[in-house]
Amino acid sequence: MVTPRADDADNVGASLTGFASRLYDEVDAAPGWTTYWELTWEPLPGAIEYLVYYATAEGMSRRPRPTSQPSFRLSVARGQGTTANVAERAAQLALQAAQLRLVVVARLADGSITGPSRLFPVGEAAGQG
Amino acid sequence: MNQIITRRALIRKAVALGVSLPALNALLAQPSIAAALQAEVAVTAAAETFSPAGFNRPVCPYGATPELASFIDPTVEIEDPRRVELARHIYIGPFARLLANGAPIKLGEETNMQDNVLIQARFVRPATEQAKVTALGLREDGGVEIAERCILAHGATVKGPAKIGVGGGDIAVDPDNDQEVFLSFNCEVDGAILERNTGVSALGRVGPGVRLKSGFIVLPGKNVTTQAEADDPKLGKVRLLVGADVAFNEAVIEVNVAFASEYTRLYDENPVNVYGINYDPGNTTFNHDRSLPILAGVPTQDPCCCNRIIGDVRMADSRARLDQVMGERISLRADEGEPFMVGRIARMQDNVIFHALEEAELIVGNNVSYGNKAIVHGGGRPVVNPGSDPTEPTIIEDDVTLKDMTVVFRSLIGRGSTIGTKSAVVGSVLAPGTTIPDRTIYVNDAVFGTVEW
């Protein structure tokens, strides 16, 4: 469970809701295809921004990645050619989900932050959650 | 005194060395001593790299504040430290080795060497292989140069001459244009160059004379021995880095930079805190508090123990029994995830590593055998069981055997299972009695491939 550090703003306890994740492909001229993983959530009234924290097996990042929109996207697999190789893509997704997860909180106008979301494995399409 | 070396730090060091405070004060009152100290302070403040010689351990440079220090665990072995250069904000974990005999070793800012990492500056290899290294432009006595923001994860090995994070350039998926290199668990770089923004996955290898170009990462278990294999993903040994890799690398670096600070703080408060069986530094996002290991129900602080057991590790065995069943150079490091619940150990060979992230992250049963360089790394198991809580712990049930150089990561290993030599199990659930053959990469409940070296 993520808890704020002593120097963080007050945590107001509420959490974001309506999380969903999806995978989709884009094809560029170079290097080829790219699979993106996108996490979305319900906008929170009063939120001025959302803070995304990375979690790895080595520990929890202290530096948030702010986003003004209720979504966050990362590329999770890449390959050459114009269509994604299914096996190659699946292997890359499994490795990503095993190594990186995200936690999201919202920052409110008074500087307080909401309670943390659960950890979301990057690369895993979980649908509505 | 400036912020680099303080009088207070000097007094702490003197006390640790057994110098009485009156004697120290008398020494400092002498004008010549005070002037020499001030001159040393000025030199230290201006420097950008430091040799971990003399007093420059475990905090490097000596007396640096937590915000500026590198931290070298007291168990780290350094041969010829005058040939080693360390920049700031470096964390070097328990039982890492920097062997600089005959050639130099340089580590850049914010780089980390985790538990049991080996850097051998000058490695003797067969003439045919050495010729490939020379053809790559690496001098035999050139040593090992590791740039800023490189991750040398648990058990990684670098055999010199080699360069890591040097040359090449930025990549499109790293929008902030800084660089990271990731060497994963028990991998090896042998007489090779890894350019900026590259990586080697768990149990992967880059062989002599190969240049891994920016934007590529070696797949788990693959042995890259030719330039063609390093350059062409179609040959099945490398893949292209993606945004999630960059995010992962950035997070790991941030955590280890924090470790450099927090272990320095832990040492500053009392030097014995960073030896043997002892406290974790706490004060991190996941792990606020400092905890002592609990052995057979007894909170234990034993700086004299030759192994490192750090933080909230709850072991069924007593301190005395651990001496009977544990080898040497073992690091059970609960400085982020805690607690580790460890049942009675059948046998734990040398160089074993435990590490984890979240609460209740790692549960190990009774009568488990651990081979040399076995790595048990905690984490949830969301992929194999999508409906479950993703913070489920890594579990090793009773009577499991982990052979040499195995990696268990975010998995459940069923009772009586055996993981073969140099094999990795990642994000999987193994039924009781499962045998994973030697040199097998097993990811997400399926065989991913073999370990080719």
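Residues numbered from 1 in each chain as written. Chains lettered and ligands numbered in written order. Predicted model: local features only at pLDDT ≥ 70, side-chain atom pairs only at ≥ 80, totals over all residues. Heavy atoms only, no water.

Draft legend 1. Spatial organisation of the overall build of chain B. Tallying secondary structure elements over chain B gives seven helices and 44 strands in all. Expressed as a percentage of the 453 residues in chain B, the buried residues total 62%. Of the contacts made within chain B by residues no fewer than 6 positions apart, 43% connect residues no fewer than 24 positions apart. With the model as given, the accessible surface of chain B reaches about 15400 Å², and the carbon-plus-sulfur share is 53%. (Helix = DSSP H or I, 4+ residues; strand = E, 2+ residues; numbered from the N terminus. Buried < 20%, exposed > 50% of the residue type's maximum accessible area, 1.4 Å probe, protein only. Contact = heavy atoms within 4.5 Å. Areas by Shrake-Rupley, 256 points an atom, 1.4 Å probe, with all protein chains shown as cover.)

Draft legend 2. Focus on helix H1 (residues 86–99) of chain A. An ideal rise of 1.5 Å per residue puts 20 Å on 14 residues; H1 of chain A measures up with 20 Å between its terminal C-alpha atoms. Taken together, the buried positions of H1 of chain A are Gln-92, Leu-93, Ala-94, Leu-95, Gln-96, Ala-97, Ala-98 and Gln-99 of chain A. (Expected span 1.5 Å × (residues − 1).)

Draft legend 3. How the structure looks around the pairing of strand S28 (residues 331–334) of chain B. Residues and elements named next belong to chain B. Burial of the side chains of S28 extends over both faces: Ser-331 and Arg-333 are buried on one face and Leu-332 and Ala-334 on the other. For strand S26 (residues 308–311) and S28, the ladder comprises four bridges, and the chain directions are parallel. Across the sheet, Ile-310 pairs through a bridge with Arg-333, a residue of S28. (Pairing = 2+ DSSP bridges.)

Draft legend 4. Representation of the interface of chain B and chain A in the model. Contact with chain B, which involves 51 residues of that partner, is made by 39 residues of chain A. Summing both partners gives a buried area of about 3800 Å² for chain B against chain A, and 59% of it is carried by carbon and sulfur. Taken together, chain B and chain A are joined by four salt bridges. A salt bridge links Glu-254 of chain B to Arg-65 of chain A, with the nearest nitrogen and oxygen atoms 3.0 Å apart. Counting every contact that joins chain B to chain A gives 10 residue pairs in polar contact (both at pLDDT 80 or more). (Buried area = accessible area lost by both parts, 1.4 Å probe. Salt bridge = Lys/Arg side-chain N within 4 Å of Asp/Glu carboxyl O. Polar contact = N/O pair within 3.5 Å; in protein donor to acceptor, adjacent residues only side chain to side chain.)

Draft legend 5. Inspection of the sheet that holds strand S38 (residues 412–413) of chain B at higher detail. Residues and elements named next belong to chain B. A sheet is described by the order of its strands in space; here eight strands give the open sequence S25-S24-S27-S29-S32-S35-S38-S41, paired in mixed fashion. Looking at strand neighbours, the two that pair on one side only are strand S25 (298–299) and strand S41 (429–430), the edges of this open sheet. Bridge analysis of strand S35 (residues 394–396) against S38 gives two bridges, and the strand direction is parallel. By the bridge assignment for S38, Ile-395 is matched with Leu-412.

Draft legend 6. Layout of the environment of Thr-418 of chain B. Residue and element names in this part refer to chain B. Mapped onto the fold, Thr-418 is located in strand S39 (residues 418–419). Through-space distance from the C-alpha of Thr-418 to that of Leu-430 is 9.9 Å; in sequence the pair is 12 residues apart. Beyond its immediate sequence surroundings of up to four residues, Thr-418 is in contact with Thr-401, Lys-403, Thr-434, Thr-435 and Ile-436.

Draft legend 7. Structural detail: unusual backbone geometry. All names here are of chain B. Residue Cys-60 is joined to Pro-61 through a cis peptide bond whose omega torsion reads 0°. Positionally, Pro-61 belongs in the loop between strand S1 (59–60) and strand S2 (70–72). That bond from Gly-160 to Pro-161 is cis: its omega, 0°, falls within 30 degrees of zero. When you line up the elements, Pro-161 lands in the loop between strand S12 (157–159) and strand S13 (162–164).

Draft legend 8. Here's a closer look at the nonpolar core. Within the largest apolar cluster, 49 residues are counted, with the highest numbers of intra-cluster contacts made by Trp-41, Tyr-54, Leu-74, Leu-100, Val-104 and Val-122 of chain A. In terms of residues, this core owes the most to one element, helix H6 (residues 243–269) of chain B, which gives seven residues. Once residues lying within four places of it in the same chain are set aside, the contact partners of Val-122 of chain A are Trp-37, Leu-74, Val-76, Leu-93, Gln-96, Ala-97, Leu-100, Arg-101 and Leu-102 of chain A together with Ala-244 of chain B. Core analysis: the next-biggest nonpolar cluster, separate from the first, contains 46 residues, Ile-78, Val-158, Ile-164 and Val-238 of chain B among them. (Core = buried A, V, L, I, M, F, W, Y, C linked by side-chain atoms within 4.5 Å.)

Draft legend 9. Quick look at the side chain of Arg-410 of chain B. Within the secondary structure, Arg-410 of chain B is located in the loop between strand S37 (407–409) and S38. Within the structure, the side chain of Arg-410 of chain B is placed 2.7 Å from the backbone oxygen of Ala-97 of chain A, a separation counted as a polar contact.

Draft legend 10. Quick peek at the pattern of salt bridges. Evaluation of the coordinates by the stated rule reveals 39 salt bridges over all chains. Ionic pairing is found between Glu-250 of chain B and Arg-63 of chain A, a salt bridge with its closest N-O pair at 3.8 Å. Of this pair, Glu-250 of chain B sits in helix H6 while Arg-63 of chain A sits in the loop between strand S5 (59–60) and strand S6 (65–67), placing the two residues on different chains. The salt bridge involving Arg-265 of chain B is made with Glu-67 of chain B; its shortest N-O contact spans 3.7 Å. Separated by 198 residues along the polypeptide, Arg-265 of chain B in helix H6 and Glu-67 of chain B in the loop between S1 and S2 bring together distant segments of the chain. Judged by relative accessible area, which is 48%, Glu-67 of chain B ranks as partly exposed. In this structure, a network of salt bridges that share partners links the residues Arg-125, Lys-159, Glu-188, Asp-190 and Arg-205 of chain B.

Draft legend 11. Local environment of the side chain of Asn-112 of chain B. Residue and element names in this part refer to chain B. Secondary-structure assignment places Asn-112 in strand S8 (residues 112–113). A polar side-chain atom of Asn-112 sits 3.2 Å from a polar atom in the side chain of Gln-114. Sequence-distant contacts of Asn-112, defined by excluding residues within four places in its chain, comprise Tyr-91, Cys-150, Ile-151, Leu-152, Val-252, Ile-253 and Asn-256.

Draft legend 12. Region of interest: the environment of Asp-445 of chain B. Residue and element names in this part refer to chain B. Residue position: Asp-445 is located in the loop between strand S43 (440–443) and strand S44 (446–450). Its relative accessible area of 34% is what places Asp-445 among the partly exposed residues. When the C-alpha atoms of Asp-445 and Phe-71 are compared, they prove to be 38 Å apart, with 374 residues separating the residues in sequence. At a separation of 3.0 Å, a polar atom in the side chain of Asp-445 contacts the main-chain amide nitrogen of Val-429.

Draft legend 13. View of the confidence of the model for chain B. Residues and elements named next belong to chain B. Mean pLDDT over chain B stands at 89; residues scoring 70 or higher make up 86%. Segment residues 1–5: pLDDT under 50, and 22 contacts once partners within four positions in sequence are set aside and those in other chains are kept. Confidence metrics for the complex model read pTM 0.87 and ipTM 0.86. (pLDDT = per-residue confidence, 0-100.)

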